[in-house]
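Fold and contact review
So you can see what is in the structure, the chains are spelled out below.
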Amino acid sequence: TQLLEQSPQFLSIQEGENLTVYCNSSSVFSSLQWYRQEPGEGPVLLVTVVTGGEVKKLKRLTFQFGDARKDSSLHITAAQPGDTGLYLCAVGRGSNTGKLIFGQGTTLQVKP
Amino acid sequence: EPEVTQTPSHQVTQMGQEVILRCVPISNHLYFYWYRQILGQKVEFLVSFYNNEISEKSEIFDDQFSVERPDGSNFTLKIRSTKLEDSAMYFCASRDALVIGYTFGSGTRLTVV
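These notes cover the structure that comes with them.

Parameters and conventions
- Residues take numbers from 1 onward in each chain, read along the sequence in its written order.
- Labels are handed out in written order, letters beginning with A for the chains and numbers beginning with 1 for the ligands.
- Two thresholds apply to this predicted model, a pLDDT of at least 70 for residue-level local features and 80 or more for giving and counting side-chain atom pairs, whereas whole-chain, interface and lining totals are computed over all residues.
- Excluding hydrogens and water, the side-chain values take into account all heavy atoms of the structure.
- Strands pair, by our definition, only if DSSP identifies at least two bridges between them.
- Think of it this way: any DSSP run of H or I at least four residues long counts as a helix, any run of E at least two long counts as a strand, and we number them from the N terminus.
- Throughout, an axis means a line fitted to C-alpha atoms (over the contacting stretch in the case of helices), and angles, computed between N-to-C directions, take values from 0 to 180 degrees.
- Contact definition: two residues touch when any of their heavy atoms are within 4.5 Å.
- Summed over both partners, the accessible area (1.4 Å probe) lost when two parts come together is defined as the buried area.
- Take a side-chain nitrogen of Lys or Arg and a carboxyl oxygen of Asp or Glu: if they are within 4 Å of each other, that pair is a salt bridge.
- Here a polar contact means two N or O atoms within 3.5 Å. Within protein one must be a hydrogen donor candidate and the other an acceptor candidate, and residues neighboring in sequence count only if both atoms are side-chain atoms.
- The residue classification treats Ala, Val, Leu, Ile, Met, Phe, Trp, Tyr, Cys and Pro as nonpolar and Asp, Glu, Lys and Arg as charged. All others, Gly included, are polar.
- Summary of the burial criterion: residues with accessible area below 20% of their type's maximum are buried, those above 50% are exposed, and those between are partly exposed, where the area comes from a 1.4 Å probe applied to protein chains only.
- Any two cysteine sulfur atoms within 2.5 Å of one another count as a disulfide.
- Any two of the Phe, Tyr and Trp rings considered here, Trp counted by its six-membered ring, make a pair once their centres fall within 6.5 Å; the pair's planes then place it as stacked at under 30 degrees, edge-to-face at over 60, or tilted in between.

Regarding the sheet that holds strand 7 (residues 65-68) of chain B
All names here are of chain B.
- Across the sheet, four strands lie side by side as 1-3-8-7; this open sheet has antiparallel pairing. The strands lining the two open edges of the sheet, one partner per strand, are strand 1 (5-7) and strand 7. Here the strands of the sheet are splayed against their neighbours by 20° on average, with no regard to which way each runs.
- When strand 7 meets strand 8 (residues 75-79), the two strands line up antiparallel, connected through four bridges. Note on strand 8: the bridge partner recorded for glutamate 68 is threonine 76.

With respect to the interface of chain A and chain B
- Listed as interface residues are 23 residues of chain A and, on the opposing side, 19 residues of chain B.
- Interface of chain A and chain B: buried area, both sides summed, is about 1,600 Å²; carbon and sulfur atoms make up 56% of it.
- Linking chain A with chain B are one salt bridge, by the criterion used here.
- Close ionic contact of lysine 99 of chain A with glutamate 56 of chain B constitutes a salt bridge, the shortest N to O distance being 2.9 Å.
- Our enumeration of links across chain A and chain B arrives at seven residue pairs in polar contact (both at pLDDT 80 or more).
- Of all elements in the fold, only strand 4 (32-37), strand 5 (44-49), strand 9 (85-93) and strand 10 (99-102) of chain A reach the threshold of two or more residues within the side of chain A that touches chain B.
- Looking at side-chain class alone, the side of chain A that touches chain B contains eight nonpolar, 13 polar and two charged residues.

Examining the pairing of strand 5 (residues 43-50) of chain B
Residue and element names in this part refer to chain B.
- Burial of strand 5 is extensive: six of the eight residues sit out of reach of the surface.
- Where strand 4 (residues 31-37) folds back onto strand 5 in an antiparallel hairpin, the turn is made up of five residues, including glycine 40, whose phi is positive at roughly 80°.
- Pairing geometry for strand 5 and strand 6 (residues 53-57), over four bridges, is antiparallel. Residue pairing for strand 6: valine 47 is matched across the bridge by lysine 57.
- Adjacent in sequence and paired antiparallel, strand 5 and strand 6 are bridged by two residues, among which asparagine 51 carries a positive phi angle near 55°.

Section: the state of the cysteines
All names here are of chain A.
- Evaluated as defined, the whole model comprises two disulfides over all chains.
- Two residues, cysteine 23 and cysteine 89, share a disulfide whose sulfurs are 2.0 Å apart. Taking the torsion about the S-S bond as the criterion, the cysteine 23 to cysteine 89 disulfide, at about 75°, is right-handed. Linking cysteine 23 in strand 3 (residues 19-24) with cysteine 89 in strand 9, this pair joins segments that are 66 residues apart in sequence. Per residue, the accessibility class of cysteine 23 equals that of cysteine 89, and both read buried.

Considering the environment of serine 73 of chain A
Residues and elements named next belong to chain A.
- Looking at where serine 73 falls in the secondary structure, it is placed in strand 8 (residues 71-76).
- A relative accessible area of 17% places serine 73 in the buried class.
- Considered as a pair, serine 73 and leucine 32 are 41 residues apart in the sequence and their alpha carbons are 11 Å apart.
- Setting aside its immediate chain neighbours within four residues, serine 73 contacts Thr20, Val21, Tyr22, Trp34, Thr62, Phe63 and Gln64.

Some remarks on the packing of aromatic side chains
- Counted under the stated rule, the structure contains 17 aromatic pairs over all chains.
- With 5.7 Å between their ring centres and 90° between their planes, tyrosine 35 of chain A and phenylalanine 104 of chain B make a pair best called edge-to-face. Placement of tyrosine 35 of chain A in strand 4 and of phenylalanine 104 of chain B in strand 10 (residues 103-104) is noted, with the two residues assigned to different chains. Each member of the pair tyrosine 35 of chain A and phenylalanine 104 of chain B is classed as buried.
- For the ring pair phenylalanine 102 of chain A and tyrosine 35 of chain B, a centre distance of 6.0 Å and an interplane angle of 90° mean the geometry is edge-to-face. With phenylalanine 102 of chain A in strand 10 and tyrosine 35 of chain B in strand 4, the pair connects residues from two separate chains.
- Judged by relative accessible area, tyrosine 35 of chain B falls into the buried class, the value being 0%.

Structural data, given as structure tokens:
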């Protein structure tokens, strides 16, 4: 059983459409991070959410942390081809080390 | 924007050979990590390093693997005798004490033939 389940696994949309991807778990987390990864590159941190119910905006990206701190969503408004990539959620595990456990990711393709 | 730098970007090695993957973390960061990503699979934790010692390692990080911070700036991952299944992207990451989020390097693609 995966600690973090991301859905959908793959999403292909047209430029200008809106989309939401999800990161779900049965565990409670003190914080959750979203990363974006392009082919051949390392993950790049987009946002960290900490408080249950928290909403953070990063231009056209809106991140929400569930009230119970078990799940999170990423909404993209008016997607652009530059948004194409692998979107990963991750949580910290290990009190001293802060190692990250990643979800399997959502691959987003935005067609012009 | 400070970066984590990894070299080489691509390494091809024969099975059974030793490889050393190199990383220069961000200079004021205190926690250092290696992760790997087999093609088409999740990013997986290998090892964390703090205060000049390993603080945690995964079951993947067996006796064939070792890490070192030899000179206060470089952070290396050594695989003693590579196997075909070690082929993957290896990412170095670092963070400081206060920030939860990591900075990842661009990775080294290791191909074992």
